[in-house]
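# Examination of the molecular architecture
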Amino acid sequence: MAQVSLKNVSKVFPGGVTAVDDVSFDVENKEFVVLVGPSGCGKSTTLRLVAGLETTTAGEIVIGNRKVNSIPPKDRDIAMVFQNYALYPHMTVYENMAFGLQLKKYPKEEIDSRVKEAAAILGVEQLLKRRPSELSGGQRQRVAVGRVIVRKPMVFLFDEPLSNLDAKLRVMMRTEIHRLHIKLQATMIYVTHDQTEAMTLGDRIVVMKDGIIHQIDTPTNVYNRPVNKFVASFIGAPPMNFMEGRIIKKEDKLYFDEGHFRVRIVEDMYDALLDRVDTRVTMGVRSEDIHDKLFVSEAPPENIVTMVCEVVEYLGSEVYLHLNTGKHILIARVSGDADSQINQDIDVVFDMSKIHFFDKATEKTII
Ligand code: ATP
């Protein structure tokens, strides 16, 4: 049975903003589900509805086997970690972690053992006597997580817990949260606008925009099989490249004609594309599926395209090339060994087996 279920949940704020629009998904026991999407997509409101910090306008929320719509947050058996830590400044780390259990009248020994256990899991044992003002951002965030762990809730909720940390610390804490999930074997729902966090942490990802769920799937499937152009562009860095053009048929073969170049479509895709012949579509290609021809043995001549290299970004092991087709700018992620120069022509090869096609009007995936 799912640990958390949202069934046709909507939230309309006074004033008429529909923040969450008929959202349904299940989170299984011990699963790590990430809600991801651009600012304003409704992910935080969805989490706050699960926590009971907002009331639903419509729909049902079930935690464990209880419908919780009218149960107050403190009785939902959930615990939430916020972006701004929300630690009590006048209390020590120990007191911050113990406070929730004291309110619930846990015995002193039980509180002590839980706080010490959580402190050990998070590596903050030596900080227990300090106050929040004496901690770094990363340490504060650990304490905020510790305060939640001691309660041993049925479900952990995280609302952008790492966004106040600098880039390096964010990556470190991301790994720690991953470890924590493995160690605690707990059900977790995590909200972020950062697609890398979503991809690296989630067993499954819920991709949202404008209060609506666009796709729920594993990170691999969301990346490789996006259901529409929005998901394809939101998940992945750099984002997927898009080009508008026409499907054409010549001597039983299908091609994508961009205007300035033409590439041959692999036969596996013919079934999905035959009824699109002579119509305009959007072709999507990920940056790692555009290769410098110099590094491709036996490149099919019909898939070699000459473009102008306008920008070269060196990242060490790899290089981002910004290529101008004459009509579109594409980013190719090529090996750091490539020696591409600005304003020079470069021959690239598309891996046509990895190409995506989207309907131009609906933006839904064709294949
Ligand atoms: P962010 O990443 O910027 O926090 P989000 O995806 O978490 O965004 P929400 O905070 O859930 O988005 O907000 C969704 C929509 O609901 C937004 O348009 C927001 O302005 C609106 N909204 C959120 N809280 C309220 C509120 N208390 N009253 C009115 N509108 C609200």
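The structure this text deals with has already been given above.
Because the structure is predicted, anything quoted here is derived from the model rather than measured.

Cut-off values and rules
- Residues numbered from 1 in each chain as written.
- Predicted model: local features only at pLDDT ≥ 70, side-chain atom pairs only at ≥ 80, totals over all residues.
- Heavy atoms only, no water.
- Near = heavy atom within 4 Å.
- Polar contact = N/O pair within 3.5 Å; in protein donor to acceptor, adjacent residues only side chain to side chain.
- Areas by Shrake-Rupley, 256 points an atom, 1.4 Å probe, with all protein chains shown as cover.
- Helix = DSSP H or I, 4+ residues; strand = E, 2+ residues; numbered from the N terminus.
- Nonpolar A, V, L, I, M, F, W, Y, C, P; charged D, E, K, R; others polar.
- Phe/Tyr/Trp six-rings, centres within 6.5 Å; stacked < 30°, edge-to-face > 60°.
- Buried < 20%, exposed > 50% of the residue type's maximum accessible area, 1.4 Å probe, protein only.
- Lys NZ or Arg CZ within 6 Å of the ring centre and 35° of its normal.
- Pairing = 2+ DSSP bridges.
- Core = buried A, V, L, I, M, F, W, Y, C linked by side-chain atoms within 4.5 Å.
- Contact = heavy atoms within 4.5 Å.
- Axes fitted to C-alpha atoms, helices over the stretch in contact; angles between N-to-C directions.
- Parallel < 35°, antiparallel > 145°, perpendicular 65-115°, else oblique.
- Left-handed = near helix turned anticlockwise from the far one by under 90°.

## With respect to the site of the ligand
Inspection of the region around the ligand gives Phe-13, Val-17, Ala-19, Pro-38, Ser-39, Gly-40, Cys-41, Gly-42, Lys-43, Ser-44, Thr-45 and Glu-160 as its neighbouring residues. Between Cys-41 and the ligand, the recorded distance is 2.9 Å, taken from a backbone N or O atom to an oxygen atom. Look at the ligand: alone it shows 630 Å² of surface, and the protein chains cover 59% of it. The biggest single contributor to the shell around the ligand is helix α1 (residues 43-51), with three residues. For the shell around the ligand, the class distribution of residues is five nonpolar, five polar and two charged.

## Quick look at the packing of aromatic side chains
A complete count under the given rule lists eight aromatic pairs for this structure. Ring centres 5.6 Å apart and planes at 45° place the aromatic pair Phe-261 and Phe-350 in the tilted group. Of this pair, Phe-261 sits in the loop between β12 (253-257) and β13 (262-264) while Phe-350 sits in strand β19 (residues 344-350), and the two are 89 residues apart along the sequence. The buried category is assigned to Phe-350, whose relative accessible area is 3%. These aromatic residues form a ring-pair network of at least three members: Phe-32, Phe-156, Phe-158 and Tyr-190. Here the guanidinium or amino end of Lys-229 rests over the ring plane of Phe-242, the centre of that ring lying 5.1 Å away. Over the ring of Tyr-223 we find Arg-286, and its NZ or CZ is 3.8 Å from the ring centre.

## Digging into the pairing of β12
Of all the five residues making up β12, four are buried; the element is thus mostly covered by neighbouring parts of the structure. Summarising the sheet, strand β11 (residues 241-250) and β12 pair through five bridges and their orientation is antiparallel. Counterpart to Lys-250 in the pairing with β12 is Lys-253. Between the antiparallel neighbours β11 and β12 lie two residues, among them Glu-251 with a positive phi of about 45°. In textbook terms, the turn of a hairpin is the stretch between consecutive antiparallel strands, and for β12 and β13 this stretch comprises four residues, one of which, Gly-259, has a positive phi near 115°.

## Overview of the nonpolar core
Grouped together as the largest cluster of nonpolar side chains are 46 residues, with contacts concentrated most on Val-36, Met-97, Tyr-190, Val-207 and Ile-235. Among all residues touching Val-207, those that are not within four sequence positions of it are Val-36, Ile-212, Ile-213, His-214, Gln-215, Val-222, Phe-230, Val-231 and Ile-235. Counting residues in each nonpolar core, the second largest holds 32 residues, with Leu-254, Val-305, Val-319 and Ile-355 among its members.

## Considering the sheet that holds strand β20 (residues 356-359)
Overall, antiparallel pairing links the five strands, which are arranged β13-β12-β11-β14-β20 in an open sheet. A strand with exactly one partner marks an edge of an open sheet, and here the two such strands are β13 and β20. The mean angle between the axes of side-by-side strands here comes to 40°, regardless of whether they run parallel or antiparallel. Summarising the sheet, strand β14 (residues 280-285) and β20 pair through four bridges and their orientation is antiparallel. Across the sheet, Thr-282 pairs through a bridge with Phe-358, a residue of β20.

## Here we look at the packing of helix α2 (residues 93-103) against helix α4 (residues 137-149)
With their axes 8 Å apart at the nearest point, α2 and α4 run at an angle of 30° to one another. Considering their axes alone, α2 and α4 lie roughly parallel with respect to each other. α2 and α4 meet at a crossing whose hand is right-handed. Where α2 abuts α4, its residues Val-93, Asn-96 and Met-97 lie against Val-143, Gly-146 and Arg-147.

Just geometry here; none of it tells us what the structure is for.
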